[in-house]
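# Topology and contacts: notes
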Amino acid sequence: MAPPAEITIPTTSLHTPADNSKPYTLYNITLRLPLRTFVVQKRYSDFATLHQNLTSLVGTPPPTPLPGKSWFKSTVNSPELTEDRRRGLESYLRAIAESPDRRWRDTPAWRTFLNLPSISSTGNSAASVRAGYGIPNRDAANAAAAQDPGTWLDLHGEMKRELQEARRCLARRDNATDNSAALEAGAAAKKALVKAGSLLTVLGDGLRVMKDTKRLGEGEIRRRKDLLAAARVEREDLDKLSATVSAAAKAVQKSMPSATDKAALIGNGPKGRGRVLGAPLPETGRTRELDNQGVVQLQRQMMKEQDEDVEELAKIIRRQREMAEAINREVEVQTEMLDEVNNQADIVSGKVHVAKNRAKKIS
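Figured I'd write up the structure that's included with this text. (Residues numbered from 1 in each chain as written. Predicted model: local features only at pLDDT ≥ 70, side-chain atom pairs only at ≥ 80, totals over all residues. Heavy atoms only, no water.)

Right, let's get into the overall build of the chain. Summing up its helical and strand segments, the chain has ten helices and three strands in all. Counting across all 363 residues of the chain, residues that qualify as buried make up 32%. Long-range contacts, defined as pairs at least 24 residues apart, comprise 60% of the intrachain contacts of the chain with a sequence gap of at least 6. Of the roughly 23300 Å² of accessible surface on the chain, a fraction of 55% belongs to carbon and sulfur atoms. (Helix = DSSP H or I, 4+ residues; strand = E, 2+ residues; numbered from the N terminus. Buried < 20%, exposed > 50% of the residue type's maximum accessible area, 1.4 Å probe, protein only. Contact = heavy atoms within 4.5 Å. Areas by Shrake-Rupley, 256 points an atom, 1.4 Å probe, with all protein chains shown as cover.)

Now for the packing of aromatic side chains. Summed over the entire model, instances satisfying the criterion amount to two aromatic pairs. Judged by centre distance (6.2 Å) and plane angle (90°), the ring pair of Tyr27 and Phe47 falls under edge-to-face. Linking Tyr27 in strand S2 (residues 24-32) with Phe47 in helix H1 (residues 44-58), this pair joins segments that are 20 residues apart in sequence. Phe47 carries the same exposure label as Tyr27, and that label is buried. Pairing Phe47 with Phe113 gives two aromatic rings, centres 5.1 Å apart and planes at 70°, and the pair type is edge-to-face. In this pair, Phe47 is assigned in helix H1 and Phe113 in helix H3 (residues 108-113), connecting sequence segments 66 residues apart. Here the two residues Phe47 and Phe113 agree in accessibility, since each one is buried. For Lys42, the ring lying beneath its charged end belongs to Phe113, and the centroid distance is 5.2 Å. The ring of Trp104 has Arg103 lying over it, and the distance from NZ or CZ to the ring centre is 5.2 Å. (Phe/Tyr/Trp six-rings, centres within 6.5 Å; stacked < 30°, edge-to-face > 60°. Lys NZ or Arg CZ within 6 Å of the ring centre and 35° of its normal.)

Looking now at the pattern of salt bridges. Tallied over the full model, the rule gives 18 salt bridges. Between Arg208 and Asp205 there is a salt bridge; the shortest N-O distance is 2.1 Å. Placement of both Arg208 and Asp205 in helix H7 (residues 179-212) is noted, with a separation of three residues, approximately one turn of the helix. Residue Asp205 is classed as partly exposed on the basis of its relative accessible area, which comes to 36%. (Salt bridge = Lys/Arg side-chain N within 4 Å of Asp/Glu carboxyl O.)

With that settled, consider the nonpolar core. Core analysis: the biggest nonpolar cluster contains 28 residues, and Trp152, Leu155, Met159 and Leu163 have the highest contact counts within it. Listed by contribution, the elements that provide at least two residues to this core are helix H5 (138-145), helix H6 (149-174), H7 and helix H8 (218-253). Ranked by the residues each element gives to this core, the list is headed by H7, at ten residues. The residues touching Trp152, leaving out its near neighbours within four places in the chain, are Ala145, Ala146, Leu203, Leu207, Met210, Arg224 and Leu228. (Core = buried A, V, L, I, M, F, W, Y, C linked by side-chain atoms within 4.5 Å.)

On to the packing of H6 against H7. Between two packed helices, what matters for the description is the angle formed by their axes and the separation of those axes. At their nearest, the axes of H6 and H7 sit 8 Å apart, and the two run at 160° to each other. Taken together, the axes of H6 and H7 lie roughly antiparallel to each other. Remark: the crossing between H6 and H7 carries left-handed chirality. For the contact of H6 with H7, the per-class residue count stands at 21 nonpolar, two polar and six charged. (Axes fitted to C-alpha atoms, helices over the stretch in contact; angles between N-to-C directions. Parallel < 35°, antiparallel > 145°, perpendicular 65-115°, else oblique. Left-handed = near helix turned anticlockwise from the far one by under 90°. Nonpolar A, V, L, I, M, F, W, Y, C, P; charged D, E, K, R; others polar.)

Phi at Lys214 takes a positive value of approximately 55°, unusual for a residue other than glycine. If you trace the backbone, Lys214 turns up in the loop between H7 and H8. With a relative accessible area of 70%, Lys214 lands in the exposed category.

Along the chain, Asn28 turns up in strand S2. The buried category is assigned to Asn28, whose relative accessible area is 1%. With 117 residues separating them along the chain, Asn28 and Ala145 place their C-alpha atoms 7.8 Å apart. Ignoring any residue separated from it by four or fewer positions in sequence, one finds Asn28 in contact with Thr8, Ile9, Pro10, Thr11, Thr12, Ser13, Val39, Val40, Gln41 and Ala144. Within the structure, the side chain of Asn28 is placed 2.9 Å from the side chain of Thr11, a separation counted as a polar contact. (Polar contact = N/O pair within 3.5 Å; in protein donor to acceptor, adjacent residues only side chain to side chain.)

A few words now on helix H2 (residues 79-98). The end-to-end C-alpha separation of H2 is 28 Å, in line with the 28 Å expected for 20 residues at 1.5 Å each. Where H2 is buried, its residues touch strand S1 (6-15), S2, H1 and H3. (Expected span 1.5 Å × (residues − 1).)

Dropping the structure here:
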């Protein structure tokens, strides 16, 4: 049995078909599962078809009625109708998902509508959800998810997992003793980096939309921009590492060692122009396949990356200092206000005391 899903419809999107036909409204259904969160886009006619199928399969309609169709207004031109229908459709789905009666949730029509794995594939449901099972237009769904503050963080987590997977694949490639295993690991690393790059683009676009619509404060916008900047630096580092080591590996694997190379190895032949081993520092996975020029290039690249990291860190520190100074100024203002309130309270207390004394004299 698949885990229960938390269902919301936070936003809508206006979609214009490629054939320039009549535009329509898409409702961005957000499903939060234990393993991941994803967005499914459906139009009103899809909800109407779902309602008919559920009523036909179960024999009774769902606990909450489906919002009716408007014959005089269109959601394309009426934001009020779009918002009312969004709330109604969200209540409709949540009533089915949260109802104690499972009959509607256990139907194939419900699971197909939400792009969930079928009940018969319970054993593979976790892997299916991790892989984004059943999401036909994944790019459009990710774009819609990136415009919501909650699902934006879920997409960011997915992007970070892709970067971690790329790093693991590169380490597996560097430690591989078999050529086919090294090539397979390198291809997997490239695939993970491509996915991370596409998610970075989507996250940046979604952050700009949230900034324009003021769905997040300025401080949170800056924090998320810093997260994206750090992720871009990490992805560029992994991409450069993948390209550099791959080129060196191809150069090494291009030909088998010759007799001259073997003679030079045991000291009976002419010395080549390659690197001289025996340096105080041991070889690493990043330097083992490089010559002197490659090591110098790698060192310059690492120094440049460290400089960029220092610059990013300096920006963050300056921003934190500005925030701390602003907080300090606010605390000083609040302290002055509290002191003024305390003084006024003392004055009022003195007046009350004088009034009591006068009242006693009169009585």
